[in-house]
Amino acid sequence: ELSPLTDAETQCISELEQMMTRLCPLAQDIDKSKVEVVEPSELSTLPATHKLRNRYTAIQSQRKSSDAKLNKQQPQHEDEDDDAYRFSRKLPPFDYVDYFVSQMTQHRHVDIQLSARQQQGWNFLIEKTNCMKRVLFSIAELDNVLTQLSTIYSANQTQCQRIHHKCQNLVEEQKELEMEAQRLRTMVQYFSDYHPLRTRVHATAAAADTLNVVLSTEYHQVVTRINECIAFFAQHKELKESVQYLQNYQLLRGKCMHSIRQCIHDRLQKAEHDSRSSVVTATATTTTGAQSDESQQPQQSQPQLVVVSILEYRAAALRLRPLLRLIESEAHHSSEFAALLNEIQRMVLQARQSQLKQCVHTTIDEYSSTRDTPNLIR
C-alpha cells in the first residue's frame, strides 16, 4: 500500500497528467513516421541521472525497436492500400498516471543513499521514534493501570457508602439504646431510692434536735424526692410492685408531714412562751421601778407586750420561711401538702389569736385597776 502523497507531489502529478493528455493518438491519415516525439518539459527539470528520465529514454528506445521490427516483418508496398493498412494499426494506449504511480512506488522502495551527516540525523530520528513508541507504550500501560484503579476506587467508594450507611444506622440505634437505658435507669432509681429515703426519714424522727434537721436543705430534698416518686408510681401502675412502693412512699410522706407539723407547732409554742416570759419580766420590772409615777405604768405595759410578741413571731417566721416555701411549692402538686398548708395557717392564726386575746385581757385588767369606769368604757 502506498503512503499518502504530499501536496507538492499531487500537484506535480496533476500537471503531468494535463501535459500528457495532449499526446493523444493521432488520426489515421497522418504519417506517424514523420511525427517527432518531443521530450516533456517536466523532465528537463530533473537531474540527468534521475530514474524517470532513464525510464523515459528506455521507453522511447523500446518503442523505436518495436517499430523497426514491424517494418522488417512487413514488405514495403507502394500502393495506397498497404500504406493505409500500415498507418491504420494502433499501438496499445499508454497510461501515464499508472506509470507515474508505479515509478514513485519503485522509487520509495529503493534504498536511499545518505551522507554521514544525513545518516546521523536519520539515526537520531529513528532513536527518538523508538523512544516515543516506548513512551506511548508506557502511557498505554499507565492508562490501563489507571482504568483498573478507577474500577477499584469505584468499588471501594460504593462499599464505603454502604459501610457509612450501616454506621449511621448503628449510631442511631446506639442513641436509641442509650435513651432507653437512661429511661430504665431513671425508672430503677425510683425503686432503689426507697431504702435511703426511709433511713433518712426515720433518722429525722429519732433525732434529738428535730427542728434543725427538718429545716435543713437536705431534708427538703428528701421531701421533694418522695413526692416525685409518689407521682411516678401513681402514673405507672402497670409496673411490677408499683402499688407496694406507692404505699410505702405515701407512708414516708405521712411521716415527713408529721415531722414538719410537729416542728412548726413546737416553734410557735416556743415563740408564744418566749413572748409571755418577756412580757411578764418587762411588766414586773415596770411595776417595781415606777411605783412613784402611777400615771405612766399603764402606758408602758401595753406597748411592751405588743412589741415583744411581734418580735418573737417575726423571728419564728424568719426561721420557718424555707420550710413554708417548700410546703407552698409542693401544695401545687399534692393535695396532702395543700391540706398541711391550711392546717399550718390555722395553727398560726390560733397562736396569734391566743396571744392577742392575752394582750386584750391584760390591757383590760390594767385599765380596770387604775382608772375609773367612765374612762374605761370610753
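Criteria and cut-off values
Position numbers for residues count from 1 along each chain, tracking the sequence in the order it is written. Totals for whole chains, interfaces and linings use every residue, but because this is a predicted model, local features are given only for residues with pLDDT of at least 70 and side-chain atom pairs only at 80 or more, for both listing and counting. Note: side-chain values were computed over all heavy atoms of the structure, leaving out hydrogens and water. Secondary structure elements follow DSSP: runs of H or I no shorter than four residues count as helices, runs of E no shorter than two count as strands, and numbering proceeds from the N terminus. Polar contact criterion, stated in full: a pair of N or O atoms within 3.5 Å, where within protein one must be able to donate a hydrogen and the other to accept it, and residues adjacent in sequence count only if both atoms are side-chain atoms. The contact definition used throughout considers only heavy atoms, calling two residues in contact when any of these lie within 4.5 Å. Working definition: rings of Phe, Tyr and Trp (its six-membered ring) pair if their centres are within 6.5 Å, and the pair is stacked with planes under 30 degrees apart, edge-to-face with planes over 60 apart, and tilted otherwise. Note on exposure labels: buried denotes an accessible area under 20% of the residue type's maximum, exposed denotes more than 50%, and partly exposed covers the range between, all computed with a 1.4 Å probe on protein chains only. What is meant by a nonpolar core is a set of buried Ala, Val, Leu, Ile, Met, Phe, Trp, Tyr and Cys residues, joined one to another through side-chain atoms within 4.5 Å. Within the patch definition used here, like charges are joined within 9 Å and nonpolar side chains (Val, Leu, Ile, Met, Phe, Trp, Tyr) within 5 Å, considering only residues with over 30% relative accessible area and no salt bridge. Accessible surface is estimated by sampling points in the Shrake-Rupley manner with a 1.4 Å probe; for residues, cover comes only from the protein chains shown. Counted as salt bridges are all cases of a side-chain nitrogen of Lys or Arg within 4 Å of a carboxyl oxygen of Asp or Glu. As a rule, the C-alpha atoms of each element are fitted with a line to give its axis, helices using only the stretch in contact, and angles between N-to-C directions run from 0 to 180 degrees. In this scheme, a crossing is called left-handed if the near helix is turned counterclockwise away from the far one by less than a right angle; it is called right-handed if the turn is clockwise. All residues other than Ala, Val, Leu, Ile, Met, Phe, Trp, Tyr, Cys, Pro, Asp, Glu, Lys and Arg, Gly among them, are scored as polar; the first ten of these are nonpolar and the last four charged. A residue's pLDDT is simply how confident the predictor is in it, with values from 0 to 100.

A.B. asks: Describe the side chain of R225, listing the residues and the values that go with them.
C.D. replies: Among the structural elements, R225 can be located in helix α9 (residues 217-235). Of the polar contacts made by the side chain of R225, one reaches the side chain of D193; its length is 2.8 Å. Setting aside residues no more than four positions away along its own chain, R225 makes contact with Q189, Y190, D193 and L197.

A.B. asks: A description of the packing of aromatic side chains should follow, citing residues and the corresponding values.
C.D. replies: Tallied over the entire structure, the rule returns 8 aromatic pairs. Between the aromatic rings of Y190 and F232, the centroid separation amounts to 4.1 Å while the plane-to-plane angle is 5°, which identifies the pairing as stacked. In this pair, Y190 is assigned in helix α6 (residues 116-192) and F232 in helix α9, connecting sequence segments 42 residues apart. A single burial state applies to Y190 and to F232, both of which are buried. Three or more aromatic residues joined by ring pairs form one cluster here, namely Y190, F191, Y194, F232, F233, Y245 and Y249.

A.B. asks: Which residues make up the nonpolar core, and what are the values?
C.D. replies: Core analysis: the largest hydrophobic core is formed by 38 residues, its most contacted members being I226, F233, Y249, I260, I264, L323 and I327. Only α6, α7 (194-206), α9, α10 (242-289), α11 (297-331) and α12 (335-370) provide two or more residues apiece to this core. Ignoring anything within four residues of it in the chain, the contact list for I226 reads L197, V201, Y249, L252, R253 and C256.

A.B. asks: Residues and numbers for a nonpolar patch on the surface, please.
C.D. replies: Side chains of L114, W122, F124, L125 and I126 sit close together on the surface and give an oily, nonpolar patch of about 480 Å² of accessible area. With respect to the element layout, W122 can be found in helix α6.

A.B. asks: Kindly report on the packing of α6 against α9, identifying the contributing residues and their values.
C.D. replies: Two numbers describe how α6 lies on α9: the axes approach to 10 Å, and their chain directions differ by 115°. Helix-helix and strand crossings are classified by hand; for α6 and α9 the assignment is left-handed. Along the contact surface, α6 presents M187, Q189, Y190 and F191, while α9 presents R225, E228, C229, F232 and F233. Residue classes in the contact of α6 with α9 are distributed as 6 nonpolar, 1 polar and 2 charged.

A.B. asks: So what's going on with unusual backbone geometry? Residues and values would help.
C.D. replies: The residue E241 is not glycine, and still its phi comes out positive at about 65°. Here E241 shows up in the loop between α9 and α10.

A.B. asks: Provide a residue-level description of the side chain of R253, including the pertinent values.
C.D. replies: One can find R253 in helix α10. Relative accessible area serves as the criterion here: at 9%, R253 is assigned to the buried category. A distance of 3.3 Å separates a polar atom in the side chain of R253 from a polar atom in the side chain of E336. Not counting chain neighbours up to four residues away, the residues in contact with R253 comprise I226, N227, I230, S334, E336 and F337.

A.B. asks: Go over the confidence of the model for the protein with me, naming the residues and quoting the values.
C.D. replies: Looking at the protein, pLDDT values average 76 and 71% of them are 70 or higher. Looking over the protein, one finds the lowest element-wise mean pLDDT in helix α4 (residues 80-88), namely 48, and the highest in α6, namely 92. Low pLDDT, under 50, characterises residues 83-88; the stretch is placed with 7 contacts to residues that sit more than four places away or in other chains. The model gives residues 290-301 a pLDDT under 50, and that stretch makes 6 contacts with residues more than four places away or in other chains.

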